[in-house]
Amino acid sequence: MSPHHTGTQKLQTPRLTLRRFTMDDAQAMYNNWASDEQVTRFLRWPPHSDVTISRAVLADWIAGYDDPAFYQWAIVPLDFGQPIGTIGVNFCDDALALAHIGYAIGQLFWNCGYTSEALHAVIDYLFSEVGMNRIESQHDPENPASGRVMQKCGMTYEGTHRAADRSNRGIVDASVYAILRQDWEARC
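These notes cover the structure that comes with them.

Here is what the cut-offs are and how they apply
Within any chain, residue numbers begin from 1 and follow the written order of that chain's sequence. Where totals are concerned, whole chains, interfaces and linings use all residues; where local detail is concerned, this predicted model gives features only for residues with pLDDT of at least 70, and gives and counts side-chain atom pairs only at 80 or more. To get the side-chain values, take all heavy atoms of the structure and skip hydrogens and water. Only buried residues count toward a nonpolar core. Its members are Ala, Val, Leu, Ile, Met, Phe, Trp, Tyr and Cys residues joined through side-chain atoms within 4.5 Å. Relative accessibility decides the category of a residue: with a 1.4 Å probe and only protein chains considered, values under 20% of the type maximum give buried, values over 50% give exposed, and everything between is partly exposed. Secondary structure elements are taken from DSSP: a helix is a run of H or I of four residues or more, a strand is a run of E of two residues or more, and numbering for both begins at the N terminus. Here a residue-residue contact requires only that any non-hydrogen atoms of the pair lie within 4.5 Å. In this description, one arc is meant: the one made by directions from the helix axis to the C-beta atoms. At least two bridges found by DSSP between two strands are what make those strands a pair. All axes are obtained by fitting lines to C-alpha atoms, using only the stretch in contact for helices, and the reported angles, taken between N-to-C directions, cover 0 to 180 degrees. In these notes the angle categories are as follows: under 35 degrees is roughly parallel, over 145 is roughly antiparallel, 65 to 115 is roughly perpendicular, and the rest is oblique. Crossing chirality is assigned from the near helix's rotation relative to the far helix, an anticlockwise turn below a right angle marking it left-handed and a clockwise turn marking it right-handed. Residues are grouped as follows: Ala, Val, Leu, Ile, Met, Phe, Trp, Tyr, Cys and Pro are nonpolar; Asp, Glu, Lys and Arg are charged; every other residue, Gly included, is polar.

## Let's talk about the nonpolar core
Residues I87, I101, L119, I123 and L126 are the most contacted members of the largest nonpolar core, which totals 34 residues. Per element, the largest residue contribution to this core is 10 residues, and it comes from helix α4 (residues 114-130). The contacts of I101, once residues within four sequence positions are left out, are I87, G88, V89, N90, L119, V122, I123, L126, I135, E136 and S137. With 16 residues, the next largest nonpolar core counts F21, M29, W61 and A104 among its residues.

## Comments concerning helix α5 (residues 144-152)
Taken residue by residue, α5 has S146, G147, V149 and M150 as its buried positions. The arc that holds the buried residues of α5, viewed along the axis, is 150°, so those residues lie on one side. Where the residues of α5 are buried, they touch β5 (98-105), α4, β6 (134-139) and β8 (170-180). One or two residues past the end of α5 sits G154, with phi positive at roughly 85°.

## Some points on the sheet that holds strand β1 (residues 11-12)
Each strand in a sheet pairs with another by means of backbone hydrogen bonds, the pair being arranged parallel or else antiparallel. Here we have 8 strands laid out as an open sheet, ordered β1-β2-β3-β4-β5-β6-β8-β7, and mixed in their pairing. Across the chains shown, the open sheet's two edge strands, defined by having one partner strand only, are β1 and β7 (156-167). This element, α4, spans β1, β2 (16-19), β3 (72-77), β4 (85-93), β5, β6 and β8 of the sheet and lies at about 160° to β5.

## Concerning the environment of I179
For I179, the position within the fold is in strand β8. I179 sits in the buried class, given a relative accessible area of 1%. Spatially, the C-alpha atoms of I179 and G64 are 26 Å apart, while their sequence positions differ by 115 residues. Those residues in contact with I179 that sit more than four places away from it in its chain are I123, F127, N133, R134, I135, C153, G154, M155, W184 and R187.

## What to know about unusual backbone geometry
Positive phi outside glycine occurs at A97, with the angle close to 50°. Structurally, A97 is set in the loop between β4 and β5. Take A97: its relative accessible area is 1%, and that puts it in the buried class. One non-glycine residue, N111, adopts positive backbone phi at about 60°. Position of N111 among the secondary structure elements: in the loop between β5 and α4. Overall, the relative accessible area of 79% leaves N111 in the exposed class.

## A look at the packing of α4 against α5
One way to put it is that α4 packs onto α5 with a least axis distance of 9 Å and a crossing angle of 45°. The orientation of α4 relative to α5 falls into the category oblique. When you trace α4 past α5, the crossing you get is right-handed. Facing α4, whose interface residues are T115, S116 and L119, α5 presents V149, M150 and K152. Here the residues of the contact of α4 with α5 sort into 3 nonpolar, 2 polar and 1 charged.

Okay, here's the thing in structure tokens:
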């Protein structure tokens, strides 16, 4: 089974629009999550020191939209109207039909269910439209809220790999979660 890449398509949930970024999103990206040390604490990239870094990242992502195997969404609550975070596929392995997902969301929007809603929509899209067989993600064990997001979306905890990742905290453990197509089909 090989995936049929369709690129970053607009997705709609009851409370969110997941869409491609535009350069007009740079200030919201900077203000809402990318400049916050609490948000980036468990991530691989440092907080943005000014909006020009956000613009550079967005320019790279926007150029990536030409590739049908590139998936990077802005998370936009319908009642807020601007991006509060991002979710995307960090890497794909087409031979395994595997996608690894990463996400970040602004601190003001934690514990509102937005990240779970976005991840659920992306999982559904990658299975139903792209044809993935395995979708996985991971988190630093010091950030258990991220693991709860994965659990809410039907992902199964597969174990913690010791000293298997790095973040702004240095070399860290990685708690791995995944959902297989057969798991997803069973719950649909």
